[in-house]
Amino acid sequence: MKKIGILTGGGDCPGLNPVIRAVVRKGYNEGYEIIGIKNGWKGLIENDVVKLDLISVSGILPRGGTILGTSRTNPYKKEGGLEKVKENYKKLGLDALIAVGGEDTLGVSVKLIKDGITNIVGVPKTIDNDLSGTDYTFGFDTAVNTAMECIDKLHTTAESHHRIIVVEVMGRHAGWIAVESGIAGGADVILVPEIPIDIDEVCSLLKKRYERGKTFSIVVVAEGAQFKEGTLVIQEQKLDEFGHVRLGGIGERLAVEIEKRCGYETRVSVLGHIQRGGTPSAFDRILGTRFGVKAVELVKNKKFGKMVALTGNKIVDVPIESAVTVAKTVDMDFYEIAKVFFG
Ligand code: F6P
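Summarised in this report is the structure supplied together with it. Position numbers for residues start from 1 in each chain and track the written sequence from start to end. Selection of residues for local features in this predicted model requires a pLDDT of at least 70, selection of side-chain atom pairs for listing and counting requires 80 or more, and totals for whole chains, interfaces and linings are taken over all residues. Here the side-chain values reflect all heavy atoms present in the structure, with hydrogen atoms and water set aside.

1. So, the packing of helix 5 (residues 140–161) against helix 6 (residues 176–185)
Moving on, step 1. Here helix 5 crosses helix 6 at 50°, and the two axes come no closer than 8 Å. Between helix 5 and helix 6, the crossing angle belongs to the class labelled oblique. Two packed elements cross with a definite hand, and for helix 5 against helix 6 that hand is right-handed. Note on element contacts: helix 6 touches helix 5 through W176, I177, E180, S181, G182, A184 and G185, opposite F140, A143, V144, A147, M148, I151, D152 and H155. Every axis corresponds to a line fitted to the C-alpha atoms, with the helix fit spanning only the stretch in contact, and the corresponding angles, defined between N-to-C directions, vary from 0 to 180 degrees. Helix and strand assignments follow DSSP, with helices taken as H or I runs no shorter than four residues and strands as E runs no shorter than two, numbered in order from the N terminus. Between 65 and 115 degrees an angle is taken as roughly perpendicular, under 35 as roughly parallel, over 145 as roughly antiparallel, and anywhere else as oblique. Left-handed describes a crossing in which the near helix is turned anticlockwise from the far one by less than a right angle; the clockwise case is right-handed. Whether two residues touch is decided by their heavy atoms; if any such pair falls within 4.5 Å, the residues are in contact.

If you want it as structure tokens, here you go:
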């Protein structure tokens, strides 16, 4: 029986379990044995695996997170990591590996292919939706819905107290979650990493609202946004194994500036990991399922070095490299639509 390994790496998101379930179900239909590798690349370094059968994936479709666990382990940053990965891949008798992840996990896949583990298929995930090569990643829709619901709740309290509420959302260096949740939640200003923050402009938009009798406002800011004359606001300087700092804190800085310059009482709400949790939306369950089924088809057809992707409403395959070379940032036509509702 041929064996497929599957791992989930990087930040978790809703939709990972639907992918795992789909890989197992489709894999069994096609006569494969499926080996779950625990905690991303860490599991392949440590040979920490579990056999996945139909019973192990029963009931996981609506569950958030990943039953396999995840980590931000980079085998290229661990001493002897690459050798261990190669050794265990061989020891497990894997014929192919399905790597489910974002920029980092897929970036490692590209390197491993060059280093001799050629039979890899990628599946793009991230709440940030910042991967090129696919119109959407799963996890993003659920995160946007969660942020939208939070904005809805913050609206009522902002209105009662005649306050400004700054809502800080995730997204790393892309403003997708901010723009989409902001449009869906009716934000009055949306600030994204793609455009430096002009605080004078923000204040004049908020004042314009006050002048027309709107004594409250919602300002959505992406964690990666920065002031024109400033730098990234970070929580922790220490880099992770993929060279990322921990973002967070721009909301607080912005609130201070707004209150100081406009004189309106301002509060901050940082949504944080709530955006990564919970049950996947129907869109993410379906996208994850379609991706998982397609990934097994790619293995069956020996289309290695490819990643499943969504183009329009079709599931296609693209080279894994296409997802990791350039980040997909917010489309400015889209941002122009959001701007119609500012102020
Ligand atoms: O990439 C997903 C993401 O949630 C980003 O939006 C965020 O900056 C980062 O991961 C947070 O990472 P961690 O869970 O390691 O704090």
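The structure having been displayed, the exposition proceeds.
2. A look at the site of the ligand
Moving on, step 1. Whether a residue is near a molecule or strand depends on its heavy atoms: it is near if one of them lies within 4 Å of it. Close contacts around the ligand come from R72, I127, D128, M170, G171, R172, E223, H273 and R276, and that covers them all.
Moving on, step 2. Between the ligand and R72 there is a distance of 2.9 Å, counted from an oxygen atom to a side-chain nitrogen or oxygen.
Moving on, step 3. When isolated, the ligand has an accessible area of 400 Å², and the protein chains bury 83% of it.
Moving on, step 4. Note that the domain bounds were set by an automatic or database domain assignment. Shared between two domains, the shell around the ligand takes at least three residues from each, and those domains are domain 1 (3–138 + 280–324) and domain 2 (141–277). Polar contacts here mean pairs of N or O atoms no more than 3.5 Å apart (in protein, one a potential hydrogen donor and the other a potential acceptor; neighbouring residues in sequence count only if both atoms are side-chain atoms). Residue burial considers only the protein chains on display, and all accessible areas are found by Shrake-Rupley using a 1.4 Å probe.

3. Observations regarding the pairing of strand 1 (residues 2–8)
Moving on, step 1. For the exposure calls, accessible area comes from a 1.4 Å probe over protein chains only, and a residue counts as buried if that area is under 20% of its type's maximum, exposed if over 50%, partly exposed in between. Summarising burial for strand 1: 5 of the 7 residues are buried, a large majority.
Moving on, step 2. Any two strands between which DSSP finds at least two bridges are classified as paired. Sheet topology places strand 1 next to strand 2 (residues 32–37); 6 bridges connect them, and they run parallel. Its bridge partner lying in strand 2, K2 is registered against Y32.
Moving on, step 3. Convention used here: a crossover is right-handed provided that the path from the first strand, over the helix, to the second strand proceeds clockwise when the strands point away from the viewer. Crossover connection from strand 1 via helix 1 (residues 16–29) to parallel strand 2: handedness right-handed.
Moving on, step 4. Two strands pair when backbone bridges link them, and strand 1 and strand 4 (residues 96–101) are joined in this way by 5 bridges, in the parallel orientation. Pairing of I6 across the sheet is with I98, part of strand 4.

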